[in-house]
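The chain contents come next:
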Amino acid sequence: MSDVDLIVAGAGAAGFAAAIRAAELGASVLLAEASATFEHGSNTSMSTSMVPAGGSRWQDRLGIVDSPATFRDDIMRKTKGTADATVLHALTDVAPELVAWLADDCDVPLDLVTDFRYPGHSTDRCHAVPDRAGRSLLRNLGSALERHHAATLIAPFRLHDVLVEDGRVVGGVLQTPDGSVEEVRSRLGVILATNGYGADPALVRRFAPEIAEGVYHGGDGSRGDALRIGERLGAGTAQLDAYQGHGALAVPHNVLLTWATVMHGGVVVNIEGERFDDETIGYSEYGARVLAQPGRTAWVIFDTRIHDACQPFADYQDLLSQNAVRWADDVDSLAETIGAPAETLNKTLADVARAARGEAADAFGRPTFAGELVAPFAAVRVTGALFHTQGGLAVDADARVLTPALEAIAGLYAAGGAAVGISGNGASGYLAGNGLLSALGLGYLAGQHAVGTMVG
Ligand SMILES: Cc1cc2nc3c(=O)[nH]c(=O)nc-3n(C[C@H](O)[C@H](O)[C@H](O)COP(=O)(O)OP(=O)(O)OC[C@H]3O[C@@H](n4cnc5c(N)ncnc54)[C@H](O)[C@@H]3O)c2cc1C
């Protein structure tokens, strides 16, 4: 393979954003992807494509008042002040430019999601593709890359290591599935966009033990390669315990049931027919909550109004086609469907109805129900899952990898799940959209910075 200006490893949101941005600024780019099936197996492909930005032109058009600072405040509130401040500033500041770039330069058909709001966002600021499917986002990014003749995507080629000369990263060692390796030089260095460690059970047990028993529902390729490569070069790491969990992975189908069901007024009960927390605290921390219930499962209960509101989600359509949504005409038949004692479930739903009508405070402190549940009832059996990890290599505002002494390692960048994110520690700091913003935003900034170092 010929030498290039820049190697980007990993063809997810981070890798595509980095490669497209660097190519459009004039660099020759090799985007090396380890998996031949990345279009369906990466985290980006499995996501619901929600990209948050505070102060975007879509918000302006609808008269929604928002800004990078307001968005930052929401993230700091969700993470209880523990989000990495440098990365947070960089990402919230670049987000309006990023979503405009995705739409204008990459032809991604983004629109603002206004029909529901995820927990923790003080206003509507998530931008998504029409079918709210990450695989569509990925397809759009793939087409955008193809329009740049100086950029080449090769798969399956795994970045095994990087080449270092005089303390600077100057290329990569690429490996094919049959084990043969090839060295490629890249004068601007290497961007690690290989995601986190969610697919490595030993690393999950070590850094995020509370979710280790949950179903892993993320990309197969997230094996911690960036950590291994970075650590060999003396890179620092940060917030490795951070992850996005989810409290509503439908079982046995292993398809995401959107938390929009809950935000529109649905509730989560265990097989005893009891609720166990305020569902609006966040779907990420709910993963471990559901795993703590009998049988490690729970049921999300909703109704026809909510069922109608969830139609735009491709994942929801998938669940419907697999008959994962069970219907019951009244609470007694619902109890039979989910195997809970009818008396308990009747009491639980009567309490919910009173709280939804504003006649009594919710026992778990849930602030809003967005409407009363009305028969017939729908129920989906769910479990707690690990989606992806949010800690990673320490980086600066340009996605340059840092040593523990905060010195940049020349020519080495990390973006997306490979880098520290903006979710603080544990599961509870994850605000919807933190994943794709870290991926697309740090990728964009890394590609831009790498080209900025190009002389002649
Ligand atoms: C079900 C689900 C729903 C989600 N919904 C949302 C959402 O709506 N909004 C949001 O913001 N976030 C969401 N997320 C999180 C989001 O998808 C991720 O944070 C984001 O996609 C990460 O992008 P990435 O580029 O870092 O990783 P990925 O998309 O996983 O891409 C990494 C790529 O690197 C490849 N790779 C790994 N190692 C190597 C190597 N050594 N060499 C070459 N290639 C390698 C992998 O095969 C993979 O293709 C969701 C995640 C899941 C699982």
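Further up the page is the structure itself.
Below you will find a few notes about this structure. Since the structure is predicted, the reported quantities are computational estimates derived from the model, not experimental observations.

**Notes on the packing of aromatic side chains**
Here is step 1 of the chain: For the structure shown, the criterion picks out nine aromatic pairs.
Here is step 2 of the chain: Consider the rings of W259 and Y283, whose centres lie 6.4 Å apart with planes at 70°: the pair is edge-to-face. Of this pair, W259 sits in the loop between strand 14 (255–256) and helix 10 (260–263) while Y283 sits in helix 11 (residues 283–291), and the two are 24 residues apart along the sequence.
Here is step 3 of the chain: Of the aromatic side chains, those joined through ring pairs into one cluster are Y118, W259, F276, Y283, Y286 and Y430.
Here is step 4 of the chain: Positioned over the ring face of F369 is R366, at 4.3 Å from the centre of the ring.

**Let's talk about the pattern of salt bridges**
Here is step 1 of the chain: Within this structure, the stated rule accounts for 25 salt bridges.
Here is step 2 of the chain: Across the pair D93 and R72 runs a salt bridge, and its minimum N-O distance is 3.0 Å. Residue D93 is located in helix 6 (residues 85–104), and its partner R72 is located in helix 5 (residues 68–78); the two are separated by 21 residues in the primary sequence.
Here is step 3 of the chain: The partly exposed category is assigned to D93, whose relative accessible area is 46%.
Here is step 4 of the chain: Salt-bridge contacts for R77 lead to D74; the nearest nitrogen and oxygen are separated by 3.0 Å. Of this pair, R77 and D74 both sit in helix 5, three residues apart, roughly one helical turn.

**Notes on the nonpolar core**
Here is step 1 of the chain: Grouped together as the largest cluster of nonpolar side chains are 102 residues, with contacts concentrated most on V8, F16, L102, L141, L192 and L440.
Here is step 2 of the chain: Ranked by residues supplied to this core, first place goes to helix 6 with eleven residues.
Here is step 3 of the chain: For L141, the contacting residues outside a window of four places in its chain are A13, F16, I20, L102, C106, V108 and L440.
Here is step 4 of the chain: Among the nonpolar cores identified, the runner-up in size contains 52 residues, and M263, A298, I306 and L349 belong to it.

**Concerning the state of the cysteines**
Here is step 1 of the chain: For the coordinates displayed, the defined rule picks out zero disulfides.
Here is step 2 of the chain: Here C106 stays free of any disulfide, with the sulfur of C126 as its closest cysteine sulfur at 19 Å.
Here is step 3 of the chain: C126 takes part in no disulfide bond, and the closest cysteine sulfur to it belongs to C310, at a distance of 15 Å.

**As for the sheet that holds strand 8 (residues 168–175)**
Here is step 1 of the chain: With antiparallel pairing, the three strands of this open sheet are ordered in space as 7-8-9. One side of each edge strand has no neighbouring strand; the edge strands of this open sheet are strand 7 (158–165) and strand 9 (181–185). Direction aside, the axes of adjacent strands within the sheet are offset by 30° on average.
Here is step 2 of the chain: Note that strand 8 and strand 9 share five bridges and pair antiparallel. If you follow G171 over to strand 9, its bridge partner there is R185.

**Thoughts on the sheet that holds strand 21 (residues 408–414)**
Here is step 1 of the chain: Ordered in space as 6-2-1-10-21-20, the six strands form an open sheet in which the pairing is mixed. Looking along the sheet, the strands with just one partner apiece sit at the ends: strand 6 (151–154) and strand 20 (400–402). With direction set aside, neighbouring strand axes in the sheet form an average angle of 30°.
Here is step 2 of the chain: With two bridges connecting them, strand 20 and strand 21 associate as antiparallel partners. Counted as the bridge partner of L402 is A408 from strand 21.
Here is step 3 of the chain: Its contacts with the sheet place helix 1 (residues 13–24) against strand 1 (6–9), strand 2 (29–32), strand 6 and strand 10 (190–192), and it is angled at close to 170° to strand 2.

Parameters and conventions
- Within every chain, residues take consecutive numbers counted from 1 along the sequence as written.
- With the structure being a predicted model, the display of local features is reserved for residues of pLDDT at least 70 and the display and counting of side-chain atom pairs for 80 or more, all residues being used for whole-chain, interface and lining totals.
- Side-chain numbers come from the whole structure's heavy atoms, not from hydrogens or water.
- Two rings belonging to Phe, Tyr or Trp (six-membered ring only in the last case) form a pair when the distance between their centres is within 6.5 Å. Interplanar angles under 30 degrees mark stacking, angles over 60 mark edge-to-face geometry, and anything in between is tilted.
- Working definition: helices are DSSP H or I runs of at least four residues, strands are E runs of at least two. Numbering for both runs from the N terminus.
- Note on criteria: charge over ring means Lys NZ or Arg CZ within 6 Å of the ring centre, with the direction from the centre no more than 35 degrees off the ring normal.
- Salt bridges are identified by distance alone: a Lys or Arg side-chain nitrogen within 4 Å of an Asp or Glu carboxyl oxygen.
- Each residue gets one of three labels from its accessible area relative to the maximum for its type: buried under 20%, exposed over 50%, partly exposed in between, using a 1.4 Å probe on protein chains only.
- Among buried residues, the Ala, Val, Leu, Ile, Met, Phe, Trp, Tyr and Cys ones that are joined through side-chain atoms within 4.5 Å form a nonpolar core.
- Only heavy atoms matter for contacts: two residues are in contact if any of them lie within 4.5 Å across the pair.
- Disulfide assignment relies on a single distance test, namely cysteine sulfur atoms paired within 2.5 Å.
- Two strands pair under a simple rule: DSSP has to find at least two bridges between them.
- For helices, the axis comes from a line fit to the C-alpha atoms of the stretch in contact; other axes are also lines fit to C-alpha atoms, and the angle between any two N-to-C directions lies between 0 and 180 degrees.

Function cannot be inferred from these measures alone, as they are strictly geometric.
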